[in-house]
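# An overview of the molecular structure
One letter stands for each residue in the lines below.
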Amino acid sequence: MANDSEIHDRLSRVEEIIEQLDADECDLDEGTALHEEGKELLREVRELLDEGSGEVVEL
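The text that follows walks through the structure, step by step, so that each part is easy to find. (Residues numbered from 1 in each chain as written. Predicted model: local features only at pLDDT ≥ 70, side-chain atom pairs only at ≥ 80, totals over all residues. Heavy atoms only, no water.)

## What about the pattern of salt bridges?
On inspection of all chains with the given rule, the structure shows 6 salt bridges. The partner of E44 in a salt bridge is R10, with the nearest N and O atoms 2.6 Å apart. Here E44 is found in helix 2 (residues 28–51), whereas its partner R10 is found in helix 1 (residues 4–22), with 34 residues between them in sequence. One salt bridge connects R43 with E40, and the closest N-O pair in it is separated by 2.3 Å. (Salt bridge = Lys/Arg side-chain N within 4 Å of Asp/Glu carboxyl O. Helix = DSSP H or I, 4+ residues; strand = E, 2+ residues; numbered from the N terminus.)

## A look at the environment of E47
Mapped onto the elements, E47 comes out in helix 2. Considered as a pair, E47 and I7 are 40 residues apart in the sequence and their alpha carbons are 10.0 Å apart.

## Structural notes on unusual backbone geometry
Non-glycine residue D24 carries a positive phi angle of around 55 degrees. The topology assignment puts D24 in the loop between helix 1 and helix 2.

Here it is in structure tokens:
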């Protein structure tokens, strides 16, 4: 069963990825890998939210 910490952890990692990409500190291959990782994490978050097991605590 999913919980809020699972969602939080994934979204935190997505934020880290965005910061890395914004800082332009990686080459094309690393940037592509980070992009793919971010997409996968967001897909997982959507699945967790679709299950209805997470709780929105802040908008």
